[in-house]
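These are the residues of each chain, in order.
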Amino acid sequence: MAAVSPARFVDCDRLWARHMALARFGAREDGGVDRPALSAVESDARGQLVTWARELGLSPFTDRMANLFLRLEGREANLAPVLAGSHIDSQPTGGKFDGAFGVLAALEAVQAIIASGERPFRPIEIVAWANEEGSRFAPGMPGSEVFTGRKTLEEAYASCDQAGILQGDAVRDVLRRDADVPLREFGFPVAAYVEPHIEQGPLLEAARVPIGIVTGIQGTRRYRVRVTGEAAHAGTALRAARRDALMAAVRMIAEIDRAARDPDDIKLTVGLFKVTPNAPSVVPSEVLFSIDLRHPENDIVDEMDREIRRIVETKRGPCDVDIRQIAHAPSLTFAREVRSLIAAAAASEGIRAMEIYSAAGHDSRQLHYVCQTGMIFIPCRGGISHNPAEWAEPQDIAAGAKVLANVIWQLAS
Ligand SMILES: [Zn+2]
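So, here is what we can say about the structure in this document. (Residues numbered from 1 in each chain as written. Predicted model: local features only at pLDDT ≥ 70, side-chain atom pairs only at ≥ 80, totals over all residues. Heavy atoms only, no water.)

1. Digging into helix α8 (residues 245-259)
Moving on, step 1. Taking 1.5 Å per residue as the helical rise, α8 with its 15 residues ought to reach 21 Å, and the 21 Å between its terminal C-alpha atoms agrees with that figure.
Moving on, step 2. Among the residues of α8, A245, A248, A249, M252, I253 and I256 are the ones counted as buried. One side of α8 holds all its buried residues, which, seen down the axis, span an arc of 130°.
Moving on, step 3. Each element contacted by the buried residues of α8 is listed here: β7 (219-228), β9 (267-269), β10 (273-276), β12 (286-295), α9 (298-314) and β13 (320-329).
Moving on, step 4. Where α8 starts, the residue carrying a side-chain oxygen 3.0 Å from the main-chain nitrogen of L246 turns out to be D244. (Helix = DSSP H or I, 4+ residues; strand = E, 2+ residues; numbered from the N terminus. Expected span 1.5 Å × (residues − 1). Buried < 20%, exposed > 50% of the residue type's maximum accessible area, 1.4 Å probe, protein only. Arc of directions from axis to C-beta. Contact = heavy atoms within 4.5 Å. Polar contact = N/O pair within 3.5 Å; in protein donor to acceptor, adjacent residues only side chain to side chain.)

Take a look at the structure:
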């Protein structure tokens, strides 16, 4: 069906110039970007996207989470659209490429399709999901979660930022500024979703390969462990009679660390550790610590989960222990069809590609529950991200947009 690829109409200079233009919204003096979700500055950046889209004859839409959609009509307007994009909010110390690349590559891909003179069978929509980062309103990704029905609007609206502003009020502010962008309902059928993103890791750069065919996203479990003992005098309390919460916690962590060494790609982090009363001459009465566990294979994450629960029980000694899992995101595998389309597109554009796993979460996690989904990674310098020094090379950005143009054209044909 798709005889000619629109990829040759991708304009590297135009795509780069748009990255630099978008980075001016929330620009930091050190070259980074600070563009909080649902803020005035993000709303201005969104306005810029809408302006570019209207120049191309695309129709903007939004919804009650302030997700932004820019639609290229298909020859069959009633068919479910193909979606491509990412997000435009950033961390406070963000860079120019995390999220922005996905949205701008999608815009460039659609512009290339228009320039080819062909019209897709299905509609194609560029999407910028609301609040991917979760740094202003936690947790992140409520835009794609509410869209896919994995979270209620009420739940998302109730999240509050540091200044006490409700996410629901911030959404309404953005929508008020965008009064001329029509509102749509959540959860309309989607034919496919493709998200281009910088890798945020060092593998593609090290391999000198511009395209990563993302096979899936690794699973995580996060815990809070509370060990309760009893405060006592450091000089007079007999060792045998002590209920020392810190010693118990240390025994647990040492044993969990040992267990997590096999296989050697289990990512286990204890990043939070609080001792009470935290006084030099008092036997600690309580310790609270976190565990962050990640691995691409659910079986390994689940096995480690059982190990952790067994270890805290066997190593608690005379103390009490309470382990609470606060987050669980299973590992996921992206649709085989989208992965093969990405591989074929890279090959036909003469761009090297390799399979890669995503160590970080993305909106594509939510979308993969409702439609065939895939991700395209490009290298970023030193694997640095969420940092003003974040950097992607113009030719890699263009390679990503070319592969995307080819892939969404096929998906929409
Ligand atoms: Zn991102």
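2. Some points on the coordination of the zinc ion
Moving on, step 1. The zinc ion binds to the protein through H87 (NE2), D98 (OD) and H197 (NE2), with metal-donor distances spanning 2.0 to 2.2 Å.
Moving on, step 2. In the primary structure, the donors to the zinc ion are separated according to the pattern H-x10-D-x98-H. With D98 in the loop between β3 (82-86) and α3 (100-115) and H197 in strand β5 (residues 192-198), this pair connects stretches of sequence that are 99 residues apart.
Moving on, step 3. Taking the relative accessible area as the measure of exposure, D98 reaches 8% and is therefore buried.
Moving on, step 4. A relative accessible area of 1% places H197 in the buried class. (Donors = N, O, S within 2.8 Å, 3.2 Å for Na, K, Ca; no water.)

3. Structural notes on the packing of aromatic side chains
Moving on, step 1. Across all of its chains, the model carries 10 aromatic pairs by this definition.
Moving on, step 2. Centre to centre, the rings of W16 and W391 are 5.4 Å apart; their planes meet at 70°, and the pair counts as edge-to-face. You can see W16 sitting in helix α1 (residues 12-22) and its partner W391 sitting in the loop between β16 (372-378) and α12 (394-411), a full 375 residues away along the chain.
Moving on, step 3. A relative accessible area of 19% means that W16 is categorised as buried.
Moving on, step 4. Using a relative accessible area of 23% as the deciding quantity, one classes W391 as partly exposed.
Moving on, step 5. Within the aromatic cluster, the residues linked to one another by ring pairs are F69, W129, F147, F188 and Y193.
Moving on, step 6. The ring of Y369 has R150 lying over it, and the distance from NZ or CZ to the ring centre is 3.6 Å. (Phe/Tyr/Trp six-rings, centres within 6.5 Å; stacked < 30°, edge-to-face > 60°. Lys NZ or Arg CZ within 6 Å of the ring centre and 35° of its normal.)

Geometry only, nothing functional implied.
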